[in-house]
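Coordinate analysis (summary)
Here are the chains, one letter per residue:
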Amino acid sequence: MSLKLRLKERLFLILDLLPEKQGFYFYHKIQDTINGENMSQRVKTNEQSFEVLKRLLQQKDLSIEGKNILEIGSGWVPIMPYFMLYRGKAKSISTFDLNRHFSKNKISRLNEVFQSEYGIRVTQDSTNPYRLPKKITYYPNTDLINADLPEAELVFSRFVLEHVKPDDLALMHEKFKRELKPGSLIVHLISPSDHRAYVDKNLSLQDFLQYSEAEWKGKQTKFDYHNRLRLPQYLAIFKAAGLELLHVEYDKPGADTFKRFSSVPIHEDFKNFTDEELTAGSINVVLKL
Ligand SMILES: C[S@@+](CC[C@H](N)C(=O)[O-])C[C@H]1O[C@@H](n2cnc3c(N)ncnc32)[C@H](O)[C@@H]1O
C-alpha cells in the first residue's frame, strides 16, 4: 500500500474516533482545502459528466430543457446544477445531501471559475444564505427517504449511489416510484470501483472484492463508506422498486486493469458474479418511472 493511502486511512481512522461533530468539522476543513485548490479541475470533470447526461437523454430524444430536476448528493459545490441551469436550461434544480458541505466562500470561488472559464455570470440571490441562484434550492442535512419531494421530472446522481447503504437505495427508489409522476426519469452515474485505487495507483480497481463484509467494514469509516455493490445488484434493486431500465452502459477493463483484477483473490461472497459483472466500471443507467 502506498504511503499516501496509508496516511489517508490513518487520518480517517483518527477522525472517526473523535466525537461526530468534531470529526466532521476537521474532515470538512481538510476537504475544503483540497477542493478549493482544485476547483477549476473539478468543474472540468463535472462538465464531462454533464455531456454524458446530455448524451444519455438525447439517445432517448429527451433533454434537460424546461425540466425540474432533483439531484441526490450535492457534494461540495453545485457544479452540475450550474451546468444544468446555464447550459441545459433546466427549469429548477433541488439538490439534496445528507450533510452540509456548501458555503458562501466555496460558491463564490465556483462563480469566479464559471465567469473566467465559461463566460457564465451566475445571478446570485442576495437573500439566499449561500447566494445560490433563485432556481437552485439546496437541502443539506436531509435524508431523502424521509423528505417531502419537490416537483421533479428528472432525478440525477453523480458518484453517490456507491456510498449509499443497499437498504437505503431500495427505500429511495421505492419512494421515487410512489411519489413522482409516472414517466419521470432517473439518471445515475455510478463509480463502483475501489476508490482507494485512485490514491494508490498500484492497487487494483477491484482490490476490495477480496474482503468479507466484516473485514471491509473494519477498513472503512463513516467518511469513506462504499457499498461494493456489483452491476447486477444495482439492477436488481431498481427492478424490485418497479422501475423500467431504459439504458445501461459501463466500462470494460483494458488489458492492464484486467491483469491486476486477475491477481485479486476474490472473496466467496462475490464468486457468483462473472468477471464482466465484477469489473463493470463507470456505470451509467437511465430508468423510467
Ligand atoms: C462522493 S460525493 C459526490 C458529490 C457530487 N455529486 C459530485 O459529483 O461531486 C457523495 C455525496 O453524496 C452525499 N450522500 C451520501 N449518501 C447520501 C444520501 N443517502 N442522500 C443524499 N446524499 C448523500 C454525501 O454527503 C456526499 O456529499
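Scroll up to find the structure.
Right, let's walk through the structure included here. Because the structure is predicted, anything quoted here is derived from the model rather than measured. (Residues numbered from 1 in each chain as written. Predicted model: local features only at pLDDT ≥ 70, side-chain atom pairs only at ≥ 80, totals over all residues.)

**Some points on the packing of helix α3 (residues 39-58) against helix α4 (residues 79-87)**
How two helices pack is summed up by the angle between their axes together with the distance between the axes. In contact at an axis separation of 9 Å, α3 and α4 are set at 55° when each is read in the N-to-C sense. Classified by the angle their axes make, α3 and α4 are oblique. α3 and α4 meet at a crossing whose hand is right-handed. Across the interface between the two elements, Arg42, Val43, Asn46, Glu47, Ser49 and Phe50 of α3 pack against Ile79, Met80, Phe83 and Arg87 of α4. Classifying every residue of the contact of α3 with α4 gives five nonpolar, two polar and three charged. (Axes fitted to C-alpha atoms, helices over the stretch in contact; angles between N-to-C directions. Helix = DSSP H or I, 4+ residues; strand = E, 2+ residues; numbered from the N terminus. Parallel < 35°, antiparallel > 145°, perpendicular 65-115°, else oblique. Left-handed = near helix turned anticlockwise from the far one by under 90°. Contact = placed C-beta atoms within 7 Å. Nonpolar A, V, L, I, M, F, W, Y, C, P; charged D, E, K, R; others polar.)

**Quick word on the sheet that holds strand β1 (residues 68-72)**
Strand order in this open sheet of seven strands is β3-β2-β1-β4-β5-β7-β6, and the pairing throughout is mixed. Two strands lie at the open edges of the sheet, namely β3 (136-139) and β6 (244-251), each paired on one side alone. The mean angle between the axes of side-by-side strands here comes to 15°, regardless of whether they run parallel or antiparallel. Pairing analysis gives six bridges linking strand β5 (residues 185-190) to strand β7 (residues 281-288), with the strands arranged antiparallel. (Pairing = 2+ DSSP bridges.)

**Observations concerning the site of the ligand**
In the neighbourhood of the ligand, 15 residues make up the surrounding shell, with Gly73, Gly75, Leu98, Asn99 and Arg158 lying closest. Of the residues in the shell around the ligand, the class split is seven nonpolar, five polar and three charged. (Near = placed C-beta within 6 Å.)

Shape descriptors only; they carry no functional weight alone.
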